[in-house]
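Commentary on secondary and tertiary structure
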Amino acid sequence: MTSQVINTPAVTAKTGSGYENKFQNFSRRVFFSKTGGTLLSASAVALLAGCDTIAATADSGSVQDDVNILNSAIGAELEAIAAYQLGAESGLLSSGVLAVAVKFQGHHKEHADVLASTVVKLGGKAETPKANYNFPVEKLNSEADVLTFAAELEKGAVSAYLGAVPLFTNRDLAKAAASILGDEAMHWAVLRSALGLDPVPVAFMS
Ligand SMILES: [Fe+2]
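Calculation rules
- Residues numbered from 1 in each chain as written.
- Predicted model: local features only at pLDDT ≥ 70, side-chain atom pairs only at ≥ 80, totals over all residues.
- Core = buried A, V, L, I, M, F, W, Y, C linked by C-beta atoms within 7 Å.
- Buried ≥ 20, exposed ≤ 12 C-beta atoms within 10 Å, placed from the backbone.
- Contact = placed C-beta atoms within 7 Å.
- pLDDT = per-residue confidence, 0-100.
- Helix = DSSP H or I, 4+ residues; strand = E, 2+ residues; numbered from the N terminus.
- Expected span 1.5 Å × (residues − 1).

Moving on, we get to the nonpolar core. Residues Ala83, Tyr84, Ala150 and Tyr161 are the most contacted members of the largest nonpolar core, which totals 44 residues. Excluding its chain neighbours within four sequence positions, the residues that come into contact with Tyr161 are Ala177, Ile180, Leu181 and Glu184.

Listed below in structure tokens is the structure:
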């Protein structure tokens, strides 16, 4: 891929999947900021489920923790959306693969939207897309390159959510994170299949 296209976030470097790194940072932040309270409290879980009443009763400290954690996740989702935008507008994808890429991007938009709406309901300001993302543009010269990049991104998402699930004190939130994890695992499998690879190469994810 040799040029940028309109509506694609500017790409400035080739540092691999920032999505995984973002979530790894997110997981570490969650872990190291865990000082005894519920990190993403019942309030956020309630909001994710559409119940505002419980959220209104949350204390301000837990709400701020919720906003910070949610925004970390939103940032990673926005990066994934940008990555798929890059692939979709690369001109390298056949029509069938393009449709899949757009669909998967839509899933990430759904994730980001529900997380952002939760932040807003909690009184926070939702993370917004960066002007630049560090994607390996120089390495994206074929459909297989794009699929490989996306598959690596999705594998990173699976690993990140897998790491995050046990960090949640609230089991409802762990369930929500596991739900997203399942979606990311399906993305990974489909992309591997499109690459001619075994779509389900392992019995356990890590
Ligand atoms: Fe995904």
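Having seen the structure, we can now continue with the description.
Moving on: the confidence of the model for the protein. Taken residue by residue, the protein gives an average pLDDT of 75. The fraction at 70 or more is 65%. Per-residue pLDDT, averaged within each element of the protein, yields its smallest value for strand S1 (residues 10-11) (40) and its largest for strand S2 (residues 132-133) (93). Scored below 50 in pLDDT, residues 2-20 makes 46 contacts in the model with residues more than four places away or belonging to other chains. Within the model, the stretch residues 22-41 combines pLDDT values under 50 with 44 contacts to residues more than four positions away or in other chains.

Here helix H5 (residues 95-121) contains 27 residues, and its C-alpha end-to-end distance of 39 Å stays within 8% of the 39 Å for a straight helix at 1.5 Å per residue. Looking only at H5, the buried set comprises Ala101, Phe104, His108, His111, Ala112, Leu115, Ala116, Thr118 and Val119.

With respect to the helices and strands, the residue Val158 is situated in helix H6 (residues 143-164). Taking the number of C-beta atoms within 10 Å as the measure of exposure, Val158 has 23 and is therefore buried. Residues Val158 and Trp188, 30 residues apart in the sequence, show an inter-C-alpha distance of 8.4 Å. Residues contacting Val158, with those up to four places away along its chain left out, are Leu181, Glu184, Ala185, Trp188 and Met205.

To continue, consider the environment of Asp145. Of note, Asp145 is situated in helix H6. Excluding its chain neighbours within four sequence positions, the residues that come into contact with Asp145 are Lys139 and Leu140.

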